[in-house]
Structures are given as structure tokens and as C-alpha cells.
Amino acid sequence: MTRVGVLALQGDVREHLAALRAVGAEAIPVRRRAELEAVDGLVIPGGESTAMSHLLRVFELAEPLRQRLADGLPAYGSCAGMILLATEIVDAGAPGRQAVPLGAIDMTVRRNAFGRQVDSFEGDLDFVGLDDPVHAVFIRAPWVERVGPEVQVLATAAGHPVAVRQGAVLATAFHPEVTGDRRIHRLFVDAL
Ligand code: GLN
């Protein structure tokens, strides 16, 4: 069985573990380097990208994770996870507490992009490769401002990419793990 890790430093870890198990993967929380080395793919959950960056350093996981991603580890990031998978982050947070990009998808992501009025919202989005629209839940979500030539845009909202793929790395600005729609987790796991 494919073993998929969920980075378990902060954020909606349980929801991702449940979604991965529902699509037939063995899902384990990842907090240590040995756990990171033992997985065939990794989910970086929604949560707070600045807090997760801080904890990646505290747990001495930032460099091992950056290295595994550089070596081609398949990954899926939702929301805060999308931010961390980028090569560049706009509005990364207060100096000294910034979200740090891991560089797995050649893109520039803006944190908290949708602004206060629409802090959190939901909508149905067409998603490349899925027959029916995805009901997307955005919670203080980022959007993508630039994509490199290797990046495929899978969905857009407000004129910006909100779901992208580069090779084996997938990212969404929204949270399929909270809706019960397992199609995006299935896309990720089936490609492993
Ligand atoms: N705004 C959060 C961040 O900057 C992301 C929100 C989320 O993951 N729901 O990390």
C-alpha cells in the first residue's frame, strides 16, 4: 500500500489523514526526519504557513524536507501548504516570523490574497481532469500570481490560479479535506 505522510506540526492534519485513508492510502503523521524518509508522498495541510515554517525549523525538518522535494518527492499542499510549496511568497508575514518557501512549484503565491471582505468563502470551481465542479472552501486563502512554464493551472477563482500542478506536486488554495469530496486526494494518491 502506498504510504503517504501528512506533515503534522500544525493545521488540519486529522482531516487529511482521514481523506487519504478514505481513498485507500496508508496515511501517517510526519513530525520527525525518520518519518519523512519513510513516506512515498507528503501532504502539507492547511493551517498557518508562518507557524508551520517556524515549527519546521524547530523540528529540524526544513532542510530535509526541502531536500526530499528537490529529489522529487510527490507532494500535495492545501492553503498554507500551497504557500509553503511555492518558490516565492508575497506578504510572507512579519520580519523574523515569515513563511519560508520550500520551492517545489515554480510559482509566486500571495498570502491572505482574497482580503478581509471575503476572508472566507465557498464556490464551485471547474477543475481540470474532474468531470463535475469542485465545491471549494477558501479560508484566508492565498492565490497564485505567477506560474513558471512547467506549471499546469487546474482551477482559477477571481481571475487567479487556485489549483496547480508541477510534475508530482499538487497545490490548492482551498481545502478539499473539509468537504468530504475525496476526488483531489484520489488524484494525488492515484498518481503515486
Ligand atoms: N492564511 C494562512 C497562511 O498564511 C493560510 C490559511 C489556511 O491554511 N486556511 O498560512
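Residues numbered from 1 in each chain as written. Predicted model: local features only at pLDDT ≥ 70, side-chain atom pairs only at ≥ 80, totals over all residues. Heavy atoms only, no water.

What to know about the sheet that holds strand β4 (residues 75–78)
Next up, step 1: Reading across the sheet, the seven strands line up as β2-β1-β3-β4-β12-β11-β10 and stay open at both edges, with mixed pairing between neighbours. Strands at the two margins of the open sheet, each flanked by one partner only, are β2 (26–30) and β10 (152–157). On average, each strand axis in the sheet is inclined to that of its neighbour by 20 degrees, with strand direction left out of account. (Pairing = 2+ DSSP bridges. Helix = DSSP H or I, 4+ residues; strand = E, 2+ residues; numbered from the N terminus. Axes fitted to C-alpha atoms, helices over the stretch in contact; angles between N-to-C directions.)

Points about the site of the ligand
Next up, step 1: What surrounds the ligand is the set Gly46, Gly47, Glu48, Ser49, Cys79, Ala80, Ile83, Arg111, Asn112, Ile139, Arg140 and His175.
Next up, step 2: Residue alanine 80 places a main-chain N or O atom 3.1 Å away from an oxygen atom belonging to the ligand.
Next up, step 3: The side chain of histidine 175 places a nitrogen or oxygen atom 2.9 Å from a nitrogen atom of the ligand.
Next up, step 4: Alone, the ligand offers 300 Å² of accessible surface; in the complex the protein occludes 95% of this. (Near = heavy atom within 4 Å. Polar contact = N/O pair within 3.5 Å; in protein donor to acceptor, adjacent residues only side chain to side chain. Areas by Shrake-Rupley, 256 points an atom, 1.4 Å probe, with all protein chains shown as cover.)

Observations regarding the UniProt feature "active site" (unreviewed entry) in the chain
Next up, step 1: The UniProt feature table records "active site" (unreviewed entry) at Cys79, His175 and Glu177. A maximum C-alpha distance of 10.8 Å among these annotated residues, which run over 99 residues, shows that they cluster at one spot. Lining the largest pocket, from the residues just named, are Cys79 and His175.
Next up, step 2: Among the structural elements, cysteine 79 can be located in the loop between β4 and α5 (80–85).
Next up, step 3: Overall, cysteine 79 belongs to the buried group, its relative accessible area being 4%.
Next up, step 4: Beyond its immediate chain neighbours, meaning those up to four positions away, cysteine 79 contacts Gly46, Ile139, Arg140, Ala141, Pro142, Thr172, Ala173, Phe174 and His175. (UniProt positions renumbered as here; feature names shortened; annotations may be inferred. 1 Å grid on protein atoms, 1.4 Å probe; cavity = no way out; pocket = protein on both sides within 12 Å on 5 of 7 lines; lining within 4 Å. Buried < 20%, exposed > 50% of the residue type's maximum accessible area, 1.4 Å probe, protein only. Contact = heavy atoms within 4.5 Å.)

Some words on the sheet that holds strand β9 (residues 143–147)
Next up, step 1: Spatial strand order, β5-β6-β9: three strands in an open sheet with mixed pairing. Here the strands that pair on one side only, and so sit at the sheet edges, are β5 (86–90) and β9. Direction aside, the axes of adjacent strands within the sheet are offset by 30 degrees on average.
Next up, step 2: Bridging between strand β6 (residues 105–110) and β9 involves four bridges; their strand directions are antiparallel. Bridge pairing in β9 places arginine 110 opposite tryptophan 143.

Looking at the packing of aromatic side chains
Next up, step 1: Inspection of every chain in the model, using the stated rule, returns six aromatic pairs.
Next up, step 2: Note on tyrosine 76 and phenylalanine 188: the rings are 6.1 Å apart at their centroids and 45 degrees apart in plane angle, and the pair reads as tilted. Of this pair, tyrosine 76 sits in strand β4 while phenylalanine 188 sits in helix α6 (residues 183–190), and the two are 112 residues apart along the sequence.
Next up, step 3: Residue classification places phenylalanine 188 among the buried residues on the basis of a relative accessible area of 3%.
Next up, step 4: Through a chain of ring-to-ring contacts, three or more aromatic side chains come together here, namely Phe114, Phe121, Phe138, Trp143 and Phe174. (Phe/Tyr/Trp six-rings, centres within 6.5 Å; stacked < 30°, edge-to-face > 60°.)

What to know about the UniProt feature "binding site: L-glutamine" (unreviewed entry) in the chain
Next up, step 1: UniProt annotation of "binding site: L-glutamine" (unreviewed entry) refers to Gly47, Glu48, Ser49, Arg111, Ile139 and Arg140 when read in the numbering used here. Sequence-wise these annotated residues cover 94 residues; spatially they are packed, their C-alpha atoms never more than 12.8 Å apart. In this structure, the largest pocket is lined, among the annotated residues mentioned, by Gly47, Glu48, Ser49, Arg111, Ile139 and Arg140.
Next up, step 2: Relative to the assigned elements, glycine 47 resides in the loop between β3 (41–44) and α3 (49–58).

Considerations on the side chain of glutamate 177
Next up, step 1: Turning to its location among the elements, glutamate 177 is positioned in the loop between β12 (169–172) and α6.
Next up, step 2: Although buried, glutamate 177 forms no salt bridge, and the nearest oppositely charged side chain, arginine 182, lies 7.5 Å from it.
Next up, step 3: Within the local environment of glutamate 177, its side chain forms a polar contact with the side chain of serine 78, the two groups lying 3.3 Å apart.
Next up, step 4: The contacts of glutamate 177, once residues within four sequence positions are left out, are Asp12, Glu15, His16, Gly46, Ser78, Arg182 and His185. (Lys, Arg positive; Asp, Glu negative; His and termini not counted. Salt bridge = Lys/Arg side-chain N within 4 Å of Asp/Glu carboxyl O.)

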